[in-house]
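Analysis of the macromolecular model
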Amino acid sequence: EKFKTGLEKTRNSFSTKVNDLVKRYRKVDEEFFEELEEILISADVGVHTVMELIDQLKDIARTRNIQDTMELKSAISETLAAMLRKDDEEGALALQNGQMTVILVVGVNGVGKTTTIGKLAHQLKQQGKSVLLAAGDTFRAGAIDQLEVWGERAGVDVIKHQEGADPAAVIFDSVKAAKSRGVDVLLCDTAGRLQNKVNLMNELEKVKRVIEREVPGAPHEVLLVVDATTGQNAMSQAKIFSQATNVTGLVLTKLDGTAKGGIVLGIRHELDIPVKFVGLGEKIDDLQAFDPEQFVYGLFM
Ligand code: GDP
């Protein structure tokens, strides 16, 4: 249900085009595949992903001797879902049993990082976990206050220093507090200024080292948040961050605000980083664990 409403814009533009194509062509031929390719690319599915998909569809059409475009249509969603089903990591956080889980949340300003942390805290609390937030973005004006607002909404505490303080020190104190309170999950916010990339990446590394030193095996997740409405920009951010640090999962936000939700498929397929969550709105429960099948069917239903 959540996928259905959250993906409305993408679905409307996408399935209208595909349905129209299927009606116009009736018979599967080279031109049909060319037009289908264009539709998928315009939904931001990503060129490599589209080419692979089209190749597989051509194979299916040949081996199953499908000539009717209506018949091929169901193979499109099947094939897409199969391409995305790579492992079990999808949609699940690496929560530790009987030990604190530390999650580092990274991403460029404005992508929805703070909102996502709030939504995650809420979701984890609903699962019966105790959660603490670390206000690791000491750079952006208002970031700490904003995290506190989300902390209140979710009913979880925030460990903070002053604006301008050393993020590594905030994280150090947060880990200490989390340990002494025995919390299940520590969610760490980080800065997202991209004006000075090298600086930011160094800062993230320093924060990560503090976590590694204080909690063996941590951080258990490094979640990169990207804004799906920025299309290929989201893709290049994902590349930059994953080169600089070991990103373990992606969160794609604002899917409700774009007709180009196909970006999820492109990023998933081309970067080989599991998509853990998608943001489908601004409210506290508008965060959905990612499920490739449900997602693809959400695009077509
Ligand atoms: P940050 O700078 O990365 O921490 O970004 P924020 O969390 O402040 O979010 C920036 C804006 O995006 C805010 O207005 C949020 O309400 C909005 N936002 C975040 N996630 C979503 C989402 O999934 N859908 C929609 N429509 N808006 C979102």
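Residues numbered from 1 in each chain as written. Predicted model: local features only at pLDDT ≥ 70, side-chain atom pairs only at ≥ 80, totals over all residues. Heavy atoms only, no water.

So, the overall build of the chain
- From N to C terminus, the chain includes 12 helices and eight strands.
- Compactness check: the chain gives a C-alpha radius of gyration of 21 Å against a globular reference of 19 Å for 301 residues, within 12% of the reference.
- Overall, the C-alpha framework of the chain stretches about 65 × 40 × 30 Å when taken along its three principal axes.
- Counting only carbon and sulfur atoms, one obtains 46% of the accessible surface of the chain, whose full area is about 13200 Å².
- A gap of 3 Å separates the mean positions of the 37 positive and 45 negative side-chain charges of the chain. (Helix = DSSP H or I, 4+ residues; strand = E, 2+ residues; numbered from the N terminus. Rg over C-alpha atoms; globule rule 2.2 N^0.38 Å. Areas by Shrake-Rupley, 256 points an atom, 1.4 Å probe, with all protein chains shown as cover. Lys, Arg positive; Asp, Glu negative; His and termini not counted. Charge placed at Lys NZ, Arg CZ, Asp CG, Glu CD.)

Section: the site of the ligand
- Residues in contact with the ligand amount to 17 residues; listed here are only the nearest, Gly 110, Thr 114, Thr 115, Gln 146 and Glu 282.
- The contact in question runs from an oxygen atom of the ligand to an N or O atom on the side chain of Lys 119, over 3.5 Å.
- Within the backbone of Gly 279, an N or O atom sits 3.4 Å from an oxygen atom of the ligand.
- Expressed as a share of its isolated accessible area of 590 Å², the protein-covered part of the ligand is 81%. (Near = heavy atom within 4 Å. Polar contact = N/O pair within 3.5 Å; in protein donor to acceptor, adjacent residues only side chain to side chain.)

Some remarks on the pattern of salt bridges
- One pass over the structure, following the stated rule, counts 16 salt bridges.
- Asp 166 serves as the salt-bridge partner of Lys 206, at 3.2 Å between the closest nitrogen and oxygen. Here Lys 206 is found in helix H9 (residues 197–214), whereas its partner Asp 166 is found in the loop between strand S3 (157–159) and helix H8 (167–181), with 40 residues between them in sequence.
- Among the residues examined, Asp 166 registers a relative accessible area of 36% and is labelled partly exposed. (Salt bridge = Lys/Arg side-chain N within 4 Å of Asp/Glu carboxyl O. Buried < 20%, exposed > 50% of the residue type's maximum accessible area, 1.4 Å probe, protein only.)

Quick look at the packing of aromatic side chains
- Following the criterion strictly, the structure yields three aromatic pairs and no others.
- Between the aromatic rings of Tyr 25 and Phe 32, the centroid separation amounts to 5.8 Å while the plane-to-plane angle is 70 degrees, which identifies the pairing as edge-to-face. The two residues Tyr 25 and Phe 32 agree in class, both being buried.
- Between Phe 32 and Phe 33, the ring centres sit 5.7 Å apart and the planes meet at 70 degrees, which makes this aromatic pair edge-to-face. Neither Phe 32 nor Phe 33 differs from the other in exposure class; each is buried.
- Taken together through their ring pairs, the aromatic side chains of Tyr 25, Phe 32 and Phe 33 make up a single cluster.
- The cationic tip of Arg 153 hangs over the ring face of Trp 150; the distance from NZ or CZ to the ring centre is 4.3 Å. (Phe/Tyr/Trp six-rings, centres within 6.5 Å; stacked < 30°, edge-to-face > 60°. Lys NZ or Arg CZ within 6 Å of the ring centre and 35° of its normal.)

Brief notes about the nonpolar core
- Ranked by internal contacts, the top residues of the largest apolar core, which has 105 residues, are Leu 187 and Leu 252.
- No other element matches the seven residues that helix H5 (residues 69–84) contributes to this core.
- Excluding residues within four positions of it along the chain, Leu 252 makes contact with Val 226, Ala 228, Ile 263, Val 264, Ile 267, Val 275, Phe 277, Val 278 and Gly 279. (Core = buried A, V, L, I, M, F, W, Y, C linked by side-chain atoms within 4.5 Å. Contact = heavy atoms within 4.5 Å.)

A closer look at the pairing of strand S7 (residues 275–279)
- Within S7, five of the five residues are buried, leaving the element largely enclosed by the surrounding structure.
- Two elements, strand S6 (residues 249–253) and S7, share three bridges in a ladder whose sense is parallel. When the bridges of S7 are listed, Val 251 appears paired with Phe 277.
- Viewed along the sheet, the connection from S6 through helix H11 (residues 263–271) into S7 turns out right-handed.
- Strand direction decides the pairing type here: S7 and strand S8 (residues 287–289), joined by three bridges, are antiparallel. (Pairing = 2+ DSSP bridges. Right-handed = clockwise from strand over helix to strand, strands pointing away.)

Side note on the sheet that holds strand S4 (residues 185–188)
- Judged by pairing direction, the sheet is mixed, and its eight strands sit side by side in the order S3-S2-S4-S1-S5-S6-S7-S8 without closing on themselves. If you trace the sheet from one side to the other, it starts and ends with S3 and S8, each paired once. Across this sheet, the average inter-strand angle for adjacent strands is 25 degrees, counted without regard to direction.
- Bridge analysis of strand S1 (residues 101–106) against strand S5 (residues 221–227) gives four bridges, and the strand direction is parallel. (Axes fitted to C-alpha atoms, helices over the stretch in contact; angles between N-to-C directions.)

Looking at the pairing of S5
- The buried fraction of S5 amounts to seven of the seven residues, a majority that puts the element mostly inside the structure.
- Residues Glu 221, Leu 223, Val 225 and Asp 227 of S5 are buried on one face, and the alternating residues Val 222, Leu 224 and Val 226, pointing to the opposite face, are buried as well.
- Across five bridges, S5 lies against S6 in parallel orientation. Counterpart to Leu 223 in the pairing with S6 is Gly 249.
- Once you follow S5 into helix H10 (residues 232–244) and on to S6, the crossover reads as right-handed.

Some points on the UniProt feature "domain: SRP54-type proteins GTP-binding" (unreviewed entry) in the chain
- In the numbering used here, UniProt assigns the "domain: SRP54-type proteins GTP-binding" (unreviewed entry) feature to residues 274–287.
- Overall, residues 274–287 shows 0% helix and 43% strand. The separation of its end C-alpha atoms is 16 Å. (UniProt positions renumbered as here; feature names shortened; annotations may be inferred.)

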